[in-house]
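Read off the chains here:
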Amino acid sequence: MDFYPDRVIFEQDALEYPLGKSLWESFKRADIEVIVTRSHNRITGIPGKNPQEAYREAKRTLVFGVRRTLTFQTCKPSAHYQLPLTTSCPGKCEYCYLLGSLPSKPYIRAYVNIEDILEKARDYIVKRQPEVTIFEGSATSDPVPVEKYTGALAKTILFFAIQDFGRFRFATKFTEIDSLLILKHNGNTTVRFSVNTTRIIKSFEHGTPKLEQRLKAARKVIEAGYPTGFIIAPIIAYPGWETDYIDLLKAIRESLPESQVLSFEFITHRFTVRAKNRIKTLFPNTVLPMNEENRKFKFGQFGYGKYVYAPQLMHRLKEALVSKTEELFPGAKIDYFV
């Protein structure tokens, strides 16, 4: 599942940074298309004769830019703020909530001015002292696939290792985490693995590792001493969901050390009209359940409307999964169920 792009695009100003220069030299030596552009926000040259082809090509395009907007978005319920290290990812999950907000060609973008981003994080930490400030590294991306190029996660983990009032957390479906296992993290970074039932992974999580591979990576992270958790998302109430999700929880239990205290986050499936239209365009044969008549409409934290499960079904989902989690993982921390 290692990510190797078909083309790499550099924002011109990114070449003024040491990381940008190093990456430029590295990719120029490789047998790969390398392009320079004026702005990482206006990318042209990604091929595609139709939306589906353009989407696939974008997922094989890596852009390096300079992050200039250093005002961080809030990130409820997982953290106080987003920490923007990357945007998008190589995975092609049909249900991805970012399909409603990313451009029509959702290329993978990474920032070369990591030091500037972390310095801004320091400002947020200082302003909220003595309260602890938590930052989420996966709000708009999965940062693991590009880590071998940027080293951004390693720098961030080492930065937070020495913060008395700052904590970092990120989530991933990917498994290339060996470079992070040797870092002195001081328990200030939490690594979470996004998992789902085998049926959901096979049906909707294209281009991502199997459940067994993710659980093996999770065990490595635990053995390296990181606080570790699981995001079970999106929970989809298909026929037989209860048996499959309980089997998922049992698989997690059987693959990990008994003594480890884990955290869990549960996110039920939801969608916006914009995301639904985008999903149907990119995946014309999708069987993702998106019938508004079976859902409840509500407004999200950023003011847009979304369709969620009706209260009665939400109660059934929560009751079944939370109770089984508490049974299998005594002492586990359940961060939220939404």
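Residues numbered from 1 in each chain as written. Predicted model: local features only at pLDDT ≥ 70, side-chain atom pairs only at ≥ 80, totals over all residues. Heavy atoms only, no water.

Topic: the overall build of the protein
Across its full length, the protein holds 10 helices and 17 strands. Taking 2.2 N^0.38 as the reference for a compact globule, 338 residues should give roughly 20 Å; the C-alpha atoms of the protein span a radius of gyration of 20 Å, in line with that estimate. Taken over the C-alpha atoms alone, the protein extends approximately 55 × 50 × 35 Å along its principal axes. When the 338 residues of the protein are sorted by exposure, 54% land in the buried category. Once local pairs closer than 6 in sequence are excluded, the contacts in the protein between residues at least 24 apart make up 76%. Measuring between centres, the 49 positive side-chain charges of the protein sit 4 Å from its 37 negative side-chain charges. (Helix = DSSP H or I, 4+ residues; strand = E, 2+ residues; numbered from the N terminus. Rg over C-alpha atoms; globule rule 2.2 N^0.38 Å. Buried < 20%, exposed > 50% of the residue type's maximum accessible area, 1.4 Å probe, protein only. Contact = heavy atoms within 4.5 Å. Lys, Arg positive; Asp, Glu negative; His and termini not counted. Charge placed at Lys NZ, Arg CZ, Asp CG, Glu CD.)

Looking at the packing of helix α3 (residues 114–128) against helix α5 (residues 152–161)
α5 packs onto α3 with a crossing angle of 30° between their chain directions and a minimal axis gap of 11 Å. Judged by the angle between their axes, α3 and α5 are roughly parallel. Seen along the crossing, α3 lies across α5 with a hand that is right-handed. The residues of α5 that touch α3, namely those facing I114, E115, L118, A121, R122 and I125, are A152, K155, T156, F159 and F160. Here the contact of α3 with α5 is composed, by residue class, of seven nonpolar, one polar and three charged. (Axes fitted to C-alpha atoms, helices over the stretch in contact; angles between N-to-C directions. Parallel < 35°, antiparallel > 145°, perpendicular 65-115°, else oblique. Left-handed = near helix turned anticlockwise from the far one by under 90°. Nonpolar A, V, L, I, M, F, W, Y, C, P; charged D, E, K, R; others polar.)

Structural notes on unusual backbone geometry
The peptide bond linking K76 to P77 adopts the cis configuration, its omega dihedral lying at 0°. Locating P77 in the fold gives a position in the loop between β4 (74–75) and β5 (79–82). For S88, which is not glycine, the phi dihedral falls at a positive 70°. Note that S88 resides in the loop between β6 (86–87) and β7 (92–93).

Structural notes on the environment of E212
Within the element layout of this structure, E212 appears in helix α7 (residues 211–223). The spatial distance from the C-alpha of E212 to the C-alpha of P51 is 32 Å, given a sequence separation of 161 residues.

Observations concerning empty space enclosed by the protein
Applying the stated criterion across every chain, the model contains one cavity of 30 Å³ or more. Its volume calculated, the largest cavity comes out at about 40 Å³. The wall of the largest cavity is formed by Q82, L83, P84, L85, T86, E136, G137, S138, A139 and T140. For the lining of the largest cavity, the per-class residue count stands at four nonpolar, five polar and one charged. (1 Å grid on protein atoms, 1.4 Å probe; cavity = no way out; pocket = protein on both sides within 12 Å on 5 of 7 lines; lining within 4 Å. Points joined across faces, edges and corners; volume = space filled by probe spheres on them.)

Things to note about the state of the cysteines
What is meant by a disulfide is a covalent connection between two cysteines, made through their sulfur atoms. This model, assessed by the stated rule, comprises zero disulfides. Here C89 is not disulfide-linked; the sulfur of C93 is the nearest cysteine sulfur, at 6.4 Å. No disulfide involves C96; its sulfur sits 6.6 Å from the nearest other cysteine sulfur, which is in C93. We classify C96 as partly exposed; its relative accessible area is 23%. (Disulfide = S-S within 2.5 Å.)

Thoughts on the layout of surface pockets
Any space left empty among the atoms is revealed by the rolling of a water-sized probe across them. Size it by volume and the second largest pocket reaches roughly 320 Å³. Along its surface, the second largest pocket is lined by 18 residues, and R169, T190, S263, K333 and D335 are the ones closest to its centre. Where the lining of the second largest pocket is concerned, the elements lending two or more residues are β10 (166–172), β11 (189–195) and β17 (333–337).

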